[in-house]
Amino acid sequence: MKLILCILFAVYTLASAEEDTRSGASISFKNKIQFTRDPAWGTPEKKILIVYYSQGQNTGYIAETLAGLLGADLERLTTRNGKKPSIISASFGLEQAINDLQKNPADYDLVIIGNPVWSWNIIPPVRAFLKTYGPAIKSAAYFTVAGGTEPDKIVKKMEAVCGKSAVSFTGINDADFQEKSGEILRKRLMDFAAGFYQK
Ligand SMILES: Cc1cc2nc3c(=O)[nH]c(=O)nc-3n(C[C@H](O)[C@H](O)[C@H](O)COP(=O)(O)O)c2cc1C
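Residues numbered from 1 in each chain as written. Predicted model: local features only at pLDDT ≥ 70, side-chain atom pairs only at ≥ 80, totals over all residues.

Chemist: Would you mind showing me how to read the overall build of the protein here?
Modeler: Across its full length, the protein carries seven helices and five strands. Each helix and strand of the protein, placed in order from N terminus to C terminus, yields the pattern α-β-α-β-α-β-α-β-α-β-α-α. Here the protein holds 199 residues, and 35% of them are scored as buried. Nonlocal contacts in the protein, meaning residues at least 24 apart in sequence, comprise 77% of its contacts between residues at least 6 apart. (Helix = DSSP H or I, 4+ residues; strand = E, 2+ residues; numbered from the N terminus. Buried ≥ 20, exposed ≤ 12 C-beta atoms within 10 Å, placed from the backbone. Contact = placed C-beta atoms within 7 Å.)

Here is the structure:
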């Protein structure tokens, strides 16, 4: 039953994603909102790496926006042989082989991991990253991007695979990209970032 629901959901979301790309309306405020550091975050600066996988444009947009805000490095995960993740693998909690990274997560004070939710689960390439590099990560924060699944459910799974509790986490909904001013998204990201500096 769950499998049938997953397949139906996949068909629905894939169709929606295609429509967004065509209309170019999914991130309407892209160049309108400004992110600047909050002075309350203070110093010292942390060395931060943002690791993510994105099949569409949403998780990539969040990762790039955070990188600008935090002065962080970016690592976009790519799959071995460019093979697309499968929803079945996501459903069953399987990993998918990823290519070697450009950056070494062990060199960073904080690693932020961005996961587009698939089938109420971690997407397979992000799962592979968490499993492989979790032990070397000093400190972790997580963000999810989803159609509606609650972030805490997915973050719990990410923490378990990575072996690191979140210093901060947030969840972005696809609907946040449609909100014209971008304020909801801005607040989510600023609150998320504030979490790194209060520890
Ligand atoms: C195959 C597939 C399965 C998905 N499963 C879920 C899900 O279980 N829960 C949810 O809230 N969103 C689900 N989504 C929606 C995506 O998480 C969401 O659209 C996200 O923004 C995609 O990120 P991206 O543009 O970086 O790929 C699914 C999307 C796809 C394509």
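Chemist: Would you mind showing me how to read the site of the ligand here?
Modeler: In the vicinity of the ligand, 23 residues are found, and the nearest of them are Gly56, Thr59, Pro116, Ala146 and Gly147. For the shell around the ligand, the secondary-structure elements that each account for two or more residues are α1 (2-23), α2 (58-70) and β4 (140-146). Broken down by element, the shell around the ligand gets its largest block of residues, four residues, from α1. By residue class, the composition of the shell around the ligand is 10 nonpolar, 12 polar and one charged. (Near = placed C-beta within 6 Å. Nonpolar A, V, L, I, M, F, W, Y, C, P; charged D, E, K, R; others polar.)

Chemist: Could you clarify how one ought to interpret the environment of Asn104 in this entry?
Modeler: As for its position among the elements, Asn104 is in the loop between α3 (87-91) and β3 (110-116). On the neighbour-count criterion, Asn104 (11 C-beta atoms within 10 Å) is exposed. Remark: the alpha-carbon pair of Asn104 and Ala136, spanning 32 residues in sequence, is separated by 9.1 Å.

Chemist: Help me understand the pairing of strand β2 (residues 73-76), please; the structure alone is not making it clear to me.
Modeler: Consecutive side chains along a regular strand alternate between the two faces of the sheet. Bridge count between strand β1 (residues 48-52) and β2: four bridges; the pairing is parallel. Residue Tyr52 lies in a different strand from β2, and its bridge partner there is Arg76. (Pairing = 2+ DSSP bridges.)

Chemist: Sorry if this is basic, but what is going on with the nonpolar core here?
Modeler: Generally speaking, soluble globular proteins have nonpolar side chains that are buried together. In this structure, Ile50, Val111, Ile112, Ile113 and Tyr142 are the most contacted members of the largest nonpolar core, which totals 46 residues. Counting residues per element, this core draws most heavily on β4, at six residues. Not counting residues within four places of it along the chain, the set of residues in contact with Ile113 comprises Val51, Tyr52, Val126, Leu130, Ala140, Tyr142 and Met158. (Core = buried A, V, L, I, M, F, W, Y, C linked by C-beta atoms within 7 Å.)

Chemist: Looking at this structure, I do not really get the sheet that holds β3. What am I missing?
Modeler: Strand pairing in a sheet is mediated by backbone hydrogen bonds. Such pairs are either parallel or antiparallel. Overall, parallel pairing links the five strands, which are arranged β2-β1-β3-β4-β5 in an open sheet. Of all strands in the sheet, those with a lone pairing partner are β2 and β5 (166-173), marking the two edges. Strand-to-strand twist across the sheet, computed as the mean angle between neighbouring axes with direction ignored, equals 15 degrees. The sheet contact formed by β3 and β4 spans six bridges and is parallel. Bridge pairing in β4 places Gly114 opposite Phe143. (Axes fitted to C-alpha atoms, helices over the stretch in contact; angles between N-to-C directions.)

Chemist: Please explain the confidence of the model for the protein as it appears in this structure.
Modeler: Parts of the prediction with low pLDDT should not have their coordinates interpreted in detail. For the protein, the average pLDDT comes to 87, and 82% of its residues sit at 70 or higher. Throughout residues 11-25 the model reports pLDDT below 50, and contacts reaching past four residues in sequence, or to other chains, amount to four contacts. (pLDDT = per-residue confidence, 0-100.)

Chemist: Help me understand unusual backbone geometry in this model?
Modeler: Apart from glycine, the bulk of residues carry a negative phi angle, and the bulk of peptide bonds sit in the trans form. Residue Ser119 is not a glycine yet carries a positive backbone phi of 50 degrees. Assignment of secondary structure puts Ser119 in the loop between β3 and α4 (124-133). Phi at Trp120 takes a positive value of approximately 55 degrees, unusual for a residue other than glycine. Within the element layout of this structure, Trp120 appears in the loop between β3 and α4.

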